[in-house]
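# Report on the structure
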Amino acid sequence: MKMELLAILACPKCKVELDLTIAEEKNGEIIEGHLTCKDCNEMYPILNTIPNMLPKELRETENR
Ligand SMILES: [Zn+2]
């Protein structure tokens, strides 16, 4: 995801801004890392530049 995207991303549960932790970055794009909600501390992984904004409960339900 592009760094600018952080400005429009919010926690789907609390609608508050997220903290960005970058594990890998290339040309201003985040390849891997995670977003953390400042309110509920939920973690949203970024894998292969794609942020997964699903709450943990939904991610687990999808696998069933
Ligand atoms: Zn939250």
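Residues numbered from 1 in each chain as written. Predicted model: local features only at pLDDT ≥ 70, side-chain atom pairs only at ≥ 80, totals over all residues.

## Overview of the sheet that holds strand 1 (residues 18-26)
Spatially, 1-2-3-4 is the arrangement adopted by the 4 strands of the open sheet, whose pairing is antiparallel. For this open sheet the edge positions go to strand 1 and strand 4 (50-51), each flanked by a neighbour on one side alone. With 8 bridges joining them, strand 1 and strand 2 (residues 29-37) adopt antiparallel strand pairing. Across the sheet, Ile22 pairs through a bridge with Gly33, a residue of strand 2. (Pairing = 2+ DSSP bridges. Helix = DSSP H or I, 4+ residues; strand = E, 2+ residues; numbered from the N terminus.)

## Thoughts on the nonpolar core
Of all hydrophobic cores here, the largest spans 7 residues; its members are Cys11, Leu18, Ile30, Leu35, Cys37, Tyr44 and Ile46. Of all the secondary-structure elements, those providing two or more residues to this core are strand 2 and strand 3 (43-47). A per-element tally of this core places strand 2 first, with 3 residues. (Core = buried A, V, L, I, M, F, W, Y, C linked by C-beta atoms within 7 Å. Buried ≥ 20, exposed ≤ 12 C-beta atoms within 10 Å, placed from the backbone.)

That is the geometry; function is a separate question.
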